[in-house]
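Letter by letter, the chains look like this.
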Amino acid sequence: MWIPKEIGRMSTRLKDGHRVNRITVRELLRMFKAERRGLNKVHDIRTALESLGLVTDPDFESVWIDGKILIRLKDATNPVVAIPVGAEIVDEDELDDGQASSAEEQEEVDSPQLDSPDEPEPAIVVASEGVVETVLSESADPTFRIGSLPAANKPLTTVGQDDTLKKAVTKMLQFDYSQLPIMHGEREVKGMISWKSIASRYSLGGECSKVQNCREDAQVVDGNGTLFDAIPTIVKHGYVLVRDPQDRRITGVVTASDLSLQFQQLAEPFLLLREIELHIRQLLHNKVAPEDLDWLGSADTTALKQQSISDLSFGGYIRLLQRPQVWVRLSLNIDQASLTAQLEEVRQIRNDVMHFDPDPMTAKQLDVLKNASKFMQQLYELLP
């Protein structure tokens, strides 16, 4: 079992009664030489933490990749945690360049504030001046959390209620925003100002020289709420402000445009994989004999008998393309090994996608799918 040295040092400090500073999920991944929370990497991290009696708060799979987490002892009543026999504690010098974390620097400084997370609060509804706030209780449902979206964790552009309307309009034009939060500090929301609220005030002939003259109630949701819980509010009002459930700060604003980008990011890999798989089926159509399917089944006697191409897994497609008898029937004037190697890359990415990892695929992975889809389309066009 491989354990990064930074994690081993955190374990030692915790068992000695010291605290460690919070780190981001991305920093945790870098300690394990990873860019995203893929299925196998998550298993490796959980195994390493479990072996040391450690957990993260909140769980590192449930928060935004640049969100802060606290590594703490799983059993606070028994702080003595020994490094398990056989664990390989790897020094930073053994890691690739750029992979070492700042955790070593952090361990030398005790955090002056209490870093233990607050207990989750029950669901309540808060109404205050300029705010209609729905606090959504945390659920065990693994659905996307609104607070895990990148837009929910970006610095806000705000105005004060005593600012002039000219200042608000200038900011909205500068950054192409449809609305701005009216804030007093990081936590107190006084309302929102939008093109709609400005136009409504003008149309009624009211005074609108200052921001407070054109304000409307703000829509605020708890960051632990699911994305689907927030969608109706976003559709109706065009946005929601997202509040951190622990320190009560407003961390970002999620708009209808952000939703569109998020759903494109979620849907694009599935659509590309669908195109690739359907192209492969078309390629193999009428080229696979019953004995080929029997040959596939003989390699796994526990699997159900495949009756047709549509019964096969993606790996089954690749094995058929590697079978000499099938490849001859295809009569393709391309390199067999290059095609199957490309499809093997697609298969590995497909496994990540179908395991619903919390992080979007990398640009490199998306390029693999796009290139494979384009190539399969070209093969399809060349078929008799």
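Residues numbered from 1 in each chain as written. Predicted model: local features only at pLDDT ≥ 70, side-chain atom pairs only at ≥ 80, totals over all residues. Heavy atoms only, no water.

## Observations regarding the packing of helix α5 (residues 165–175) against helix α6 (residues 195–203)
Here's step 1: As a packed pair, α5 and α6 sit with axes 11 Å apart at the nearest point and diverge in direction by 140°. On the basis of their axis angle, the class for α5 and α6 is oblique. Note on packing geometry: the crossing formed by α5 with α6 is left-handed. Contact residues: α5 offers Leu 165, Val 169, Met 172 and Leu 173, while α6 offers Trp 195, Ile 198 and Tyr 202. (Axes fitted to C-alpha atoms, helices over the stretch in contact; angles between N-to-C directions. Helix = DSSP H or I, 4+ residues; strand = E, 2+ residues; numbered from the N terminus. Parallel < 35°, antiparallel > 145°, perpendicular 65-115°, else oblique. Left-handed = near helix turned anticlockwise from the far one by under 90°. Contact = heavy atoms within 4.5 Å.)

## A short note on the nonpolar core
Here's step 1: The biggest cluster of nonpolar side chains holds 32 residues, and the ones touching the most others in it are Ile 276, Leu 284 and Leu 343.
Here's step 2: If you list the elements that add at least two residues to this core, you get α8 (256–284), α9 (290–298), α10 (314–322), α11 (324–330), α12 (336–354) and α13 (363–382).
Here's step 3: The residues contacting Leu 284, other than those within four sequence positions of it, are Ile 309, Tyr 317, Leu 320, Leu 321, Val 326 and Leu 330.
Here's step 4: If you look at the next biggest cluster of nonpolar residues, it comprises 25 residues, including Val 25, Met 31, Ala 48 and Phe 60. (Core = buried A, V, L, I, M, F, W, Y, C linked by side-chain atoms within 4.5 Å. Buried < 20%, exposed > 50% of the residue type's maximum accessible area, 1.4 Å probe, protein only.)

## Examining the pairing of strand β4 (residues 68–73)
Here's step 1: Looking at chain direction, strand β2 (residues 23–24) and β4 are connected through 2 bridges and run antiparallel. The residue bridging Ile 23 from the neighbouring strand is Ile 69, located in β4.
Here's step 2: Across 4 bridges, the pairing between strand β3 (residues 54–57) and β4 is antiparallel. Paired with Asp 57 across the two strands is Leu 70, which belongs to β4. (Pairing = 2+ DSSP bridges.)

## Digging into unusual backbone geometry
What is expected of a backbone is that most residues other than glycine have negative phi and most peptide bonds are trans.
Here's step 1: With omega at -5°, the peptide bond leading from Asp 57 into Pro 58 counts as cis.
Here's step 2: Position of Pro 58 among the secondary structure elements: in the loop between β3 and β4.
Here's step 3: The phi torsion at Lys 33 lies on the positive side, around 55°, for a residue other than glycine.
Here's step 4: Its place among the elements puts Lys 33 in the loop between α2 (25–31) and α3 (39–51).
Here's step 5: Relative accessible area serves as the criterion here: at 38%, Lys 33 is assigned to the partly exposed category.
Here's step 6: Of note in this structure, Asn 286 is not a glycine but carries a positive phi near 65°.
Here's step 7: Positionally, Asn 286 belongs in the loop between α8 and α9.

## Regarding helix α7 (residues 227–237)
Each α-helix turn comprises 3.6 residues. Residues three or four places apart therefore point the same way.
Here's step 1: All buried positions along α7 are accounted for by Leu 227, Ala 230, Ile 231 and Ile 234. For α7, the buried positions fall inside an angular range of 125° around the axis, keeping them on one side. Opposite the buried face of α7, by more than 90 degrees, sit the exposed residues Pro 232 and Lys 236.
Here's step 2: Of the surrounding elements, those touching the buried residues of α7 are β11 (239–243), β12 (250–255) and α8.
Here's step 3: Just beyond α7, the residue with positive phi is Gly 238, at close to 90°. (Arc of directions from axis to C-beta.)

## Thoughts on the state of the cysteines
Here's step 1: Within the structure shown, the criterion is met by 1 disulfide.
Here's step 2: Between the sulfur of Cys 208 and that of Cys 214 lies a disulfide, 1.5 Å long from S to S. Side by side, Cys 208 and Cys 214 carry an identical accessibility label, which is buried. (Disulfide = S-S within 2.5 Å.)

## Remarks on the layout of surface pockets
Here's step 1: For the second largest pocket, the calculated volume is near 460 Å³.
Here's step 2: Secondary-structure elements contributing two or more residues to the lining of the second largest pocket are α3, α12 and α13.
Here's step 3: The dominant element in the lining of the second largest pocket, judged by the number of residues it contributes, is α12, at 5 residues.
Here's step 4: Split into classes, the residues belonging to the lining of the second largest pocket amount to 4 nonpolar, 7 polar and 7 charged. (1 Å grid on protein atoms, 1.4 Å probe; cavity = no way out; pocket = protein on both sides within 12 Å on 5 of 7 lines; lining within 4 Å. Points joined across faces, edges and corners; volume = space filled by probe spheres on them. Nonpolar A, V, L, I, M, F, W, Y, C, P; charged D, E, K, R; others polar.)

## Considering the sheet that holds β2
Here's step 1: The strand order across the open sheet formed by 3 strands is β2-β4-β3, and the pairing between neighbours is antiparallel. Strand pairing shows two members of the sheet lacking a second neighbour, β2 and β3, which therefore form its edges.
Here's step 2: Seen against the sheet, helix α1 (residues 5–15) touches β2, β3 and β4 and runs at an angle of roughly 55° to β4.

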